[in-house]
Protein chains: 2
Amino acid sequence: MTNKRSSEEFLYERIAIVIEQQILKGILKVGEKIPSLRTICREYGVSQSTALQAYYFLESKALIEARPQSGYFVCKSPGKILGVPVVSNPSEHLLEGTIDSLVSRVYDNLGDNEKHIPLSLGLPANEWLPIAKLNKSLMQAMRQMEGSGIPLAHPQGSEKLRKQIARWAFAMEANLNPDNIIITSGCLNAISYCMMALTEPGDTIILESPISFGMIQVAQSLRLNIVELPCHAETGIDLNVLEDNLRKTPIKLILMITNFSNPLGSCMPDENKKSLVELLERYNVPLIENDINADVYFGNQRPKSCKTFDKTGLVLWCGSVSKSLAPGYRVGWVEPGRFKAQVLKKKLCHAITSTSITEEAIAIFLENGRYETHLRKLRNTTYLNYLQYIKAVNEFFPEGTKASRPRGGFVLWLELDKSIDTVILYEQAIKQKISIAPGKMFTLRNQFNNCIRLNFGLNWNDQTAHSLKILGQIAKGLIR
Amino acid sequence: MTNKRSSEEFLYERIAIVIEQQILKGILKVGEKIPSLRTICREYGVSQSTALQAYYFLESKALIEARPQSGYFVCKSPGKILGVPVVSNPSEHLLEGTIDSLVSRVYDNLGDNEKHIPLSLGLPANEWLPIAKLNKSLMQAMRQMEGSGIPLAHPQGSEKLRKQIARWAFAMEANLNPDNIIITSGCLNAISYCMMALTEPGDTIILESPISFGMIQVAQSLRLNIVELPCHAETGIDLNVLEDNLRKTPIKLILMITNFSNPLGSCMPDENKKSLVELLERYNVPLIENDINADVYFGNQRPKSCKTFDKTGLVLWCGSVSKSLAPGYRVGWVEPGRFKAQVLKKKLCHAITSTSITEEAIAIFLENGRYETHLRKLRNTTYLNYLQYIKAVNEFFPEGTKASRPRGGFVLWLELDKSIDTVILYEQAIKQKISIAPGKMFTLRNQFNNCIRLNFGLNWNDQTAHSLKILGQIAKGLIR
């Protein structure tokens, strides 16, 4: 992710880089006012929102700062620039049972009665979902389907939706056959069926570290042994380390969030994905690719997936619209490569089929081209939010705080001072009705005690900003 | 189920018994015409449909026969009266892998392209589902729910639905707390979570025999050992035999369809249910009670459930509306007694939550009293169908054929001549586009080779009657 490459991707970044260069070269001097919004819009022929993104970007790099009613100025004292977390290094030390009780503690607190600021989630805000248009699609589904979706549906799920998913997969340059897609009740459900189909209790699987607690819990529920591999905050796992592990232990499967991993936000470069698929083939190990976040990218195009390079059917590609469109509809899917029969059997055994009318509504939404329109808006909103968060963390959090740089998705990973125990940070924050996800929730090893995951899928407003400020203050108070 | 008891339950049976007695005592003589429909309606003050049920009932016992344009007459030669299958007797001999391949063979043939008569299913006909009224409820749900059910819902499922299920449980005299109910994607899904929560691979569980292949498959998917207990076609398992088994083997759980079991149609008498719950307590063994069919009873009230008698929380009571209202919505539930936390965790691990808008639609349907109105009609239609099936089997099937006498649900179990292999019957029937479920699908032991399960949840018409006729002819041809 060099600047050169980014500049091809983002219009606002191109503008920002010009200003950055002027600052670095001294053309714009410390304390000087930088060109106004209006000037930028006029000179570059861009919208006000693009110009604002350029400002936010420069602000997030602590090159400029806003002064009330005056505009933006080159920073007097170039502020701290947030570092990026180091490569994770899962310790040998296993912490037993920590994750379940901690996950319950964090999410049981998110009840309906007491309203908390849910920085612990990793989802788009309800305000960002296209409720009215989805309702329209649901009504169309009701009218079009035989028996309005009330009779029992095909175990593989809506044919119309499978066609739309295959069509949509062109965005990642994968050629999928609708007949080889199975609809499920969300992405985790797809992963669960894949794991059930491919493993037996006691088998060993490989996960990234840190990894969404949902992945750990489903694997534990199936009594699998988990090997956690260190993960680079921007590029994901190191393929050499992966190969070392494949060589020394019999591995039943690998599970990865290749695009905008959760919680780290890393995105495996496309060339690594290609090499990973070659590795799978060499060791004959299947990969469950959790690709739930790929549609919410901040660049100018969707990153590819391992599925793109999968010629032998070893990649079980899982996705859903739960992070991008309709979390409550529970519509996900898997293209299980060569394992279709086994995965479908698991769906039949454990649920027979899934809810057909919401599947059809999503299919109609996609068919009408509404998804792309919605996503464009969602990506923009999410990205601006991310910049606001980086800015706020820069401003409010203790010196030395490191932050991931996700290029998509909804979560930000912070590494705080080593002396901070983020479970204590959680306890103190929840008293102020702010809910965060402590780092310990994302591993079975003794690590990430000083990390947190923040949900930037929250509407940006004074309350959100204030929560981050309070959180930063608590963190400062916890440094020993 | 003595006549005395039945006569308290059914108005039409009371009428039928009077006529039966007149025939047996010779008051009505062989060949004589019995009272006309109109006479019966007038004399007993009943509707024409009740009078017709009495006729069908007598016909199913081969006491009377219809003559075109003439009315009903006492049978000249009292026809064969269908026997009831004997108590099943699971052999020690285990058949490996039979069930999966057979189940796939039977259901893969039910594709959309070729229309088969689906006698192999066990579901109400689409024509019997209240599509328009459910659509109305779905639209109401869309309007009433926050975000129209599109945001992520509570893991336990719709609160409104949980309240309605608790309210509805009064019909079985159980006092349920909505807070202790978990909504799932159908009944099998509920059973799956319960089994996952309560067992480890290698554990032994007890099932009735024969039992719906779905129950066998979910248990096998979780690598459990299955003990099949013999089952009486009318009253279900023998509690002494159950206790013998509990005494001699460590049993992790029992799974039973206590009301209108599938495929046998047996209904455990309420006093047995009470004793069963006492047994559970004595041996501290949980029971997963699959109560999916209980609402579709033919008597004048819902039989009770084991849950009714459960004071210590050992009964995990599972149900759904998939057999009675909306198979495609995938709305089921479990009241898991003392195991709520464990079962909810499994739902969280494997799917997070379920589709909230269809849950809410069902809740609204129940809330408005539409369910009871719909069920009254459904029970009547289903029961009349059942009588038609018994009559047709009596007429078309080989001498000596035995039939179960389900008092609810949608399936009839036939025991044919010992020399008939019903897998061959299946193969020959499918060529004529008639799909049946061979008995082998309902056990892991070497038994039921001469049995079939028939779905009487099909609209009764010439085609249905004709299919049964053809099936009977094929069966006759297979006797050696």
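Residues numbered from 1 in each chain as written. Chains lettered and ligands numbered in written order. Predicted model: local features only at pLDDT ≥ 70, side-chain atom pairs only at ≥ 80, totals over all residues.

> Could you clarify how one ought to interpret the interface of chain A and chain B in this entry?
It is common to give the size of an interface as the accessible area that goes away when the parts come together. Taken together, the contact between chain A and chain B spans 41 residues of the former and 41 residues of the latter. The set of elements that each furnish at least two residues to the side of chain A that touches chain B consists of α6 (131-144), α8 (187-198), α9 (213-221), α12 (340-351) and α13 (356-367) of chain A. With five residues, the top contributor of residues to the side of chain A that touches chain B is α6(A). In terms of residue class, the side of chain A that touches chain B is made up of 21 nonpolar, 18 polar and two charged. (Contact = placed C-beta atoms within 7 Å. Helix = DSSP H or I, 4+ residues; strand = E, 2+ residues; numbered from the N terminus. Nonpolar A, V, L, I, M, F, W, Y, C, P; charged D, E, K, R; others polar.)

> Whenever I open this one, unusual backbone geometry confuses me. Can you help?
Outside of glycine, negative phi angles account for most residues, and trans bonds account for most peptide bonds. The linkage connecting N262(A) with the following residue, P263(A), adopts the cis geometry, with an omega of 15°. Within the secondary structure, P263(A) is located in the loop between β8 (253-256) and α11 (270-283). With phi around 50°, N284(B) is a residue other than glycine that occupies positive phi space. By the C-beta count within 10 Å, which is 9 here, N284(B) ends up exposed. (Buried ≥ 20, exposed ≤ 12 C-beta atoms within 10 Å, placed from the backbone.)

> Which parts of the structure should I look at to understand the sheet that holds strand β12 (residues 402-403) of chain B?
Paired through backbone hydrogen bonds, the strands of a sheet run either parallel or antiparallel to each other. Residues and elements named next belong to chain B. Overall, antiparallel pairing links the four strands, which are arranged β12-β13-β16-β15 in an open sheet. Two strands lie at the open edges of the sheet, namely β12 and β15 (437-438), each paired on one side alone. Sheet analysis places β12 next to strand β13 (residues 411-415), joined by two bridges and oriented antiparallel. In the strand pairing of β13, A403 is matched with L414. (Pairing = 2+ DSSP bridges.)

> What am I meant to see in the sheet that holds strand β6 (residues 225-232) of chain B here?
Residue and element names in this part refer to chain B. Spatially, β4-β11-β10-β9-β8-β5-β6-β7 is the arrangement adopted by the eight strands of the open sheet, whose pairing is mixed. At either margin of the open sheet sits one strand with a lone partner, and together these are β4 (182-184) and β7 (236-237). Here strand β8 (residues 253-256) runs beside strand β9 (residues 287-290); their pairing, made up of three bridges, is parallel. In the sheet register, L255 faces β9, and the bridge partner there is I288. Relative to the sheet, helix α8 (residues 187-198) contacts β4, β8, β9, β10 (315-320) and β11 (332-335), its axis offset from that of β10 by approximately 155°. (Axes fitted to C-alpha atoms, helices over the stretch in contact; angles between N-to-C directions.)

> Looking at this structure, I do not really get the domain arrangement of chain A. What am I missing?
Annotation of chain A at the domain level lists domain 1 (3-74), domain 2 (98-128 + 376-478) and domain 3 (131-372). The C-alpha centroid of domain 3 of chain A is placed 38 Å from the C-alpha centroid of domain 1 of chain A. (Domains from an automatic or database assignment.)

> Looking at this model, I keep getting lost on helix α9 (residues 213-221) of chain B. Mind explaining?
Residue pairs three or four apart in sequence face the same way in an α-helix, which turns once every 3.6 residues. Of all nine residues making up α9(B), seven are buried, and the element is well covered by its neighbours. Burial in α9(B) covers these residues: F213(B), G214(B), M215(B), I216(B), Q217(B), V218(B) and A219(B). Along its buried surface, α9(B) packs onto α12 of chain A together with α5 (98-108), α8, β5 (204-209), β6 and β8 of chain B. Just beyond α9(B), the residue with positive phi is R223(B), at close to 60°.

> How should I be thinking about the relation of the copies chain A and chain B in this particular structure?
Aligned on chain B, chain A shows an RMSD of 0.2 Å; the corresponding rotation is 180° and the shift along the axis is 0.1 Å. Look at the turn and shift together and you get a two-fold axis relating the two. (Least-squares fit on C-alpha atoms with pLDDT ≥ 70 in both.)

> Just to check I follow, could you spell out the pairing of strand β13 (residues 411-415) of chain A for this structure?
Residues and elements named next belong to chain A. Counting buried positions along β13 yields five of five residues, so the element is predominantly enclosed. Burial along β13 is two-sided: the face carrying V411, W413 and E415 and the face carrying L412 and L414 are both buried. Relative to strand β16 (residues 451-455), β13 runs antiparallel, the two sharing five bridges. Paired with L412 across the bridge in β16 is L454.

> Hey, could you run me through the nonpolar core in this one?
In summary, soluble globular proteins display a tendency toward joint burial of nonpolar side chains. Counting residues in hydrophobic clusters, the biggest one holds 287 residues, and the most contacted among them are C194(A) and C194(B). Not counting residues within four places of it along the chain, the set of residues in contact with C194(B) comprises I288(B), L316(B), C318(B), V334(B), P336(B) and V343(B). (Core = buried A, V, L, I, M, F, W, Y, C linked by C-beta atoms within 7 Å.)

> For this particular structure, what's the right way to read the packing of helix α4 (residues 48-60) of chain B against helix α14 (residues 370-396) of chain B?
Relative orientation and spacing of two packed helices are given, respectively, by the angle between their axes and the distance between those axes. Residues and elements named next belong to chain B. Contact geometry of α4 with α14 gives a least axis separation of 9 Å together with a crossing angle of 30°. By the angle between their directions, the pair α4 and α14 is classed as roughly parallel. Of the two possible hands of crossing, α4 and α14 adopt the one that is left-handed. Between α4, through Q53, Y56, F57, E59 and S60, and α14, the contact on the second element is made entirely by L384, L387, Q388, I390, K391 and N394. Along the lines of polarity and charge, the residues of the contact of α4 with α14 split into five nonpolar, four polar and two charged. (Parallel < 35°, antiparallel > 145°, perpendicular 65-115°, else oblique. Left-handed = near helix turned anticlockwise from the far one by under 90°.)

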